[in-house]
Amino acid sequence: LSRTLACLGDSHPRAGTGEWLRCCGGGEPRPRTVWLGHPEKRDQRYPRNVINNQKYNFFTFLPGVLFNQFKYFFNLYFLLLACSQFVPEMRLGALYTYWVPLGFVLAVTIIREAVEEIRCYTRDKEVNAQVYSRLTARGTVKVKSSSIQVGDLIIVEKRAPPLLSTGSCFLRTDQLDGETDWKLRLPVACTQRLPTAADLLQIRSYVYAEEPNIDIHNFVGTFTREDSDPPISESLSIENALWAGTVTASGTVVGVVLYTGRELRSVMNTSNPRSKIGLFDLEVNCLTKILFGALVVVSLVMVALQHFAGRWYLQILRFLLLFSNIIPISLRVNLDMGKIVYSWVIRRDSKIPGTVVRSSTIPEQLGRISYLLTDKTGTLTQNEMVFKRLHLGTVAYGLDSMDEVQSHIFSIYTQQPQDPPAQKGSAPTTKVRRTMSSRVHEAVKAIALCHNVTPVYESNGVTDQAEAEKQYEDSCRVYQASSPDEVALVQWTESVGLTLVGRDQSSVQLRTPGDQILNFTILQLFPFTYESKRMGIIVRDESTGEITFYMKGADVVMAGIVQYNDWLEEECGNMAREGLRVLVVAKKSLAEEQYQDFEARYVQAKLSVHDRSLKVATVIESLEMEMELLCLTGVEDQLQADVRPTLETLRNAGIKVWMLTGDKLETATCTAKNAHLVTRNQDIHIFRLVTNRGEAHLELNAFRRKHDCALVISGDSLEVCLKYYEYEFMELACQCPAVVCCRCAPTQKAQIVRLLQERTGRLTCAVGDGGNDVSMIQESDCGVGVEGKEGKQASLAADFSITQFRHLGRLLMVHGRNSYKRSAALSQFVIHRSLCISAMQAVFSSVFYFASVPLYQGFLIIGYSTIYTMFPVFSLVLDKDVKSEVAMLYPELYKDLLKGRPLSYKTFLIWVLISIYQGSTIMYGALLLFESEFVHIVAISFTSLILTELLMVALTIQSWHWLMTVAELLSLACYIASLVFLHEFIDVYFIATLSFLWKVSVITLVSCLPLYVLKYLRRRFSPPSYSKLTS
């Protein structure tokens, strides 16, 4: 049983904090003293351990949804309109003509929101009801996640046999920082001496922990046991901590809970999800305000032409109601239903299987993206490492020559210890061969020893686990390490003959090609950190007693540590250009007394309280001098399928791609080159590490002098630049063809997205696959989650979820483009439909001495915007200007949309003019041609209006779909059939006459023919770009 002391919350909360974060006061977070197993001995109040992702609760749901609907000018206007019908002086027609459409719109919205809330509630309930084992004086009891308190001792089990007997365990932090590798976590040494886990409750001990913060890479605390003599204190670091949201790989862990609820690292690193409103919806909202202005103006003009006679203010209100059709209530419904259709089409697309639309309110955003921000690991790359190159300075081995390395290793371990005296002639050649073999052997041995990898044995059905561990069974061995690079290196040494077969905290075992086991004692281990960019290990060879210090790290730091040579820099550059991650391996032999002296100083430095890390680093650096350079290794992180062509397509579509990654600068630059994010002929400007204002100023000036150059910058430098020179930095960065930000914290990614939106006013799209990308995805205008190895957290938080990065091209180029163009056509057509009838009303009123009398009564008005014209107009959501293959082949077509031309003031004005022309033509035509009775004017004008609308839909459509034809014919049939029931408005006998037919035909021709002629001329003399591709 491994009794690791750890910080735990619930084991995998979904990212997100609820509304309760704002309502319950908590003051500033403070450091805490936590007594083991005694939650009641607390020095402050801690938040409950619950996750809440809902937008509303039971009481706020209805008011909240209604408020969100009526805060739009659009909906509020219709509410006031419907309410005004309760006043007798203002009533114009039946109440249902106003309340039914409004009720329908609200019902659809409320049902949609309710379904989403219920889903959210059930997900949260599942997470909060997860069961854990709590250690108490009465033994272990099962508790729900929501009942866990600070100070509880929780047992975390992995449903697998305990793999490490030493008390350490492995965990994965992919949901926090996107790294999929296993990290080693160590127990508190003094608790390991207790006989059973229950004894943790008998001793008097406490943990002093820092205040909750968002830093997932660090932890500072101390463990104190008071009842021993003398009291024992141990320092705690990130190596002793298990964050909530991580997964343990082996063994059983007993941990004390230090943080709960909203103080968890995972929760503090996620921003509150905002409800996204599409830019398209905002533009439509803006157009409705213009229409409202037109409505007021028309009403005032009508009253002014009556010379403000009598109770003119009431007349103004009546005219406002009479012309209320100028703003179409059906616009919102049509657009919302259109969005549902687009979402359905995206889900059904067989070329991008597995795509899920989680937010059906913003598909049009996909058609206007200017900046794409992508994660690296798991999104652009597969996070699978392959060993590609071993370079010894004079000779390099690639994948095709690994058998030579194998034969060198073989010859070292199989040659006879006493060589017979060699013949004179062959002596020099064998000596050369010997020295080459020993050089290769030293390099391979260094790679096999200098790492943080642990071989773990699992039963394979034939051999059980204990047997496999004893026999070092190859088929049962898996490697666990904190980085996939390290695993790739160790797997490579196994393939050339030197196999890592055993490892614990104090020793390493290697197996040679001759099945000997080499034992090494680990004297010291210096783990890799992002500051030092290197790792080291001091081992003693059990057979010879030699002490060797091995080290590997990035070329930038190792260049100053190894002895002078003339090839390191050049070869590192060559390998980096091939997109390989380069590590430099070096060694140094130590004498016994040299090591003893070092150890004494090292232990002293580790015990200091102030500047501990600085003092420790200084002691280690005293060893890191004049090391012998052994070799370079090159490992490749393989790209996802079709990443290069996808990025190429996006670039040609006018989208700028930024890569935001938590990874190292070298790796990020490698991937950027490898994925052709930075093209071959582009320079790369690597922004130096800056810490203050002056340095940032100088570095920005240096960058300003470069043109058409990609920028690579680290998170720390970025923070300094944004603090002092936010405007200047963003201005320069936005001009770059590509930007790579490395070592980015999750909150920093979100900050970059926010700045891009504020500075450029353009739409951003964020793509990621890990829990560390959630903030960026939620902040962007359009978040896309890739379901990958890093779990589903990103894809659950995103608006759209895809299974591979390459699907993004089709999602934007085809679906985004179509959704935006269709919605633009649909919205303008719906506006045209209502403006037509309003223009007719205006002509009618002005002819009859500006009387506020409605032209069409009751059902005719509702029927006009529903049964008679709804299907043909709505069928515009199936229209497309080019085939999807053409849209993918010519991404430049997407560039046209970035200017927002499909829906602009210009196109809106054209449609307004068309509406006025058609409305007045139909009305004047009917007035000119009607005979004695007024009832005929209604019949003639209404029939012409319906026919005009149907013909206009046909004029707008660019490629016919069979459903469009059905919709046109169905609407016409509905109108003809309903004439039988409309005898109170329309004279059925008059309709059957020839004079009715020719009058309607003439009016319809006059209203439509000129537009058909204009369309033909326009297509002939200034065709749009897409028509050149289709002809």
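Residues numbered from 1 in each chain as written. Predicted model: local features only at pLDDT ≥ 70, side-chain atom pairs only at ≥ 80, totals over all residues. Heavy atoms only, no water.

It is worth spelling out the pattern of salt bridges at this point. Side chains carrying opposite charge are able to pair once their charged atoms draw close together. Counted by the stated rule, this structure contains 33 salt bridges. Ionic pairing is found between E226 and R204, a salt bridge with its closest N-O pair at 2.9 Å. With E226 in the loop between β8 (221-225) and β9 (232-236) and R204 in the loop between β6 (182-185) and β7 (205-209), the pair connects residues that are 22 residues apart, well separated along the chain. Look at E226 and you get partly exposed, because its relative accessible area is 31%. Taking the shortest distance from any N to any O, the salt bridge between D227 and R225 comes out at 2.9 Å. Look at R225 and you get buried, because its relative accessible area is 18%. (Salt bridge = Lys/Arg side-chain N within 4 Å of Asp/Glu carboxyl O. Helix = DSSP H or I, 4+ residues; strand = E, 2+ residues; numbered from the N terminus. Buried < 20%, exposed > 50% of the residue type's maximum accessible area, 1.4 Å probe, protein only.)

The next point concerns the sheet that holds β9. With antiparallel pairing, four strands are arranged side by side in an open sheet as β1-β7-β8-β9. Either end of the sheet is taken by a strand with one partner, and the two such strands are β1 (32-35) and β9. Averaged over all pairs of adjacent strands, the angle between strand axes in this sheet comes to 20°, irrespective of strand direction. With five bridges connecting them, β7 and β8 associate as antiparallel partners. Across the sheet, residue A209 finds its bridge partner in β8, namely G221. (Pairing = 2+ DSSP bridges. Axes fitted to C-alpha atoms, helices over the stretch in contact; angles between N-to-C directions.)

With respect to topology, four strands assemble into an open sheet ordered β3-β2-β4-β11, the strand pairing being antiparallel. Of all the strands in the sheet, just β3 (139-144) and β11 (252-256) have a single pairing partner and so form its edges. Sheet twist, expressed as the mean angle between neighbouring strand axes with direction ignored, is 35°. Pairing of strand β2 (residues 131-136) with strand β4 (residues 153-157), which is carried by three bridges, proceeds in the antiparallel orientation. Residue pairing across strands places R134 opposite I154, the latter belonging to β4.

In this structure, F78, F280, L291, L331, L826, F829 and M952 are the most contacted members of the largest nonpolar core, which totals 55 residues. The contacts of F829, once residues within four sequence positions are left out, are V873, L876, W911, E949, M952, V953 and T956. Core analysis: the second largest hydrophobic core is formed by 44 residues, I412, C450, V490 and I522 among them. (Core = buried A, V, L, I, M, F, W, Y, C linked by side-chain atoms within 4.5 Å. Contact = heavy atoms within 4.5 Å.)

Taken together, L951, L1005, L1009, Y1012, V1013, Y1016, L1017 and F1021 make up a surface patch of nonpolar side chains, about 800 Å² in accessible area. No other element matches helix α34 (residues 994-1021), which puts seven residues into the nonpolar patch. Tracing the sequence through the fold places F1021 in helix α34. You can call F1021 exposed: its relative accessible area is 67%. (Patch = residues over 30% accessible without salt bridge, like charges linked within 9 Å, V, L, I, M, F, W, Y side chains within 5 Å. Areas by Shrake-Rupley, 256 points an atom, 1.4 Å probe, with all protein chains shown as cover.)

Moving on, we get to the UniProt feature "binding site: Mg(2+)" (unreviewed entry) in the protein chain. What UniProt calls "binding site: Mg(2+)" (unreviewed entry) maps, in this numbering, to D375, T377, D769 and D773. A stretch of 399 residues holds the annotated residues, and the largest C-alpha distance among them is 10.8 Å, short enough that they meet in one place. The class of D375 is buried, set by a relative accessible area of 2%. At a separation of 3.4 Å, a polar atom in the side chain of D375 contacts the side chain of T379. (UniProt positions renumbered as here; feature names shortened; annotations may be inferred. Polar contact = N/O pair within 3.5 Å; in protein donor to acceptor, adjacent residues only side chain to side chain.)

Our next topic: the environment of V462. Tracing the backbone through its elements, the reader meets V462 in the loop between β16 (454-457) and α12 (465-471). Residue V462 is classed as exposed on the basis of its relative accessible area, which comes to 77%. Counting along the chain gives 14 residues from V462 to C476, while the straight-line C-alpha distance between them is 9.6 Å.

Looking at where D555 falls in the secondary structure, it is placed in helix α14 (residues 555-558). For D555 and E666, which are 111 residues apart along the polypeptide, the C-alpha to C-alpha distance reads 9.4 Å. Discounting chain neighbours no more than four positions away, the residues touching D555 are C572 and V584.

The subject of this paragraph is unusual backbone geometry. In the segment running from D229 into P230, the intervening peptide bond is cis, with an omega of -5°. Among the structural elements, P230 can be located in the loop between β8 and β9. The residue H307 is not glycine, and still its phi comes out positive at about 60°. Mapped onto the fold, H307 is located in the loop between α7 (279-305) and α8 (312-322). Among the residues examined, H307 registers a relative accessible area of 68% and is labelled exposed. Non-glycine residue F308 carries a positive phi angle of around 50°. Structurally, F308 is set in the loop between α7 and α8. The class of F308 is partly exposed, set by a relative accessible area of 40%.

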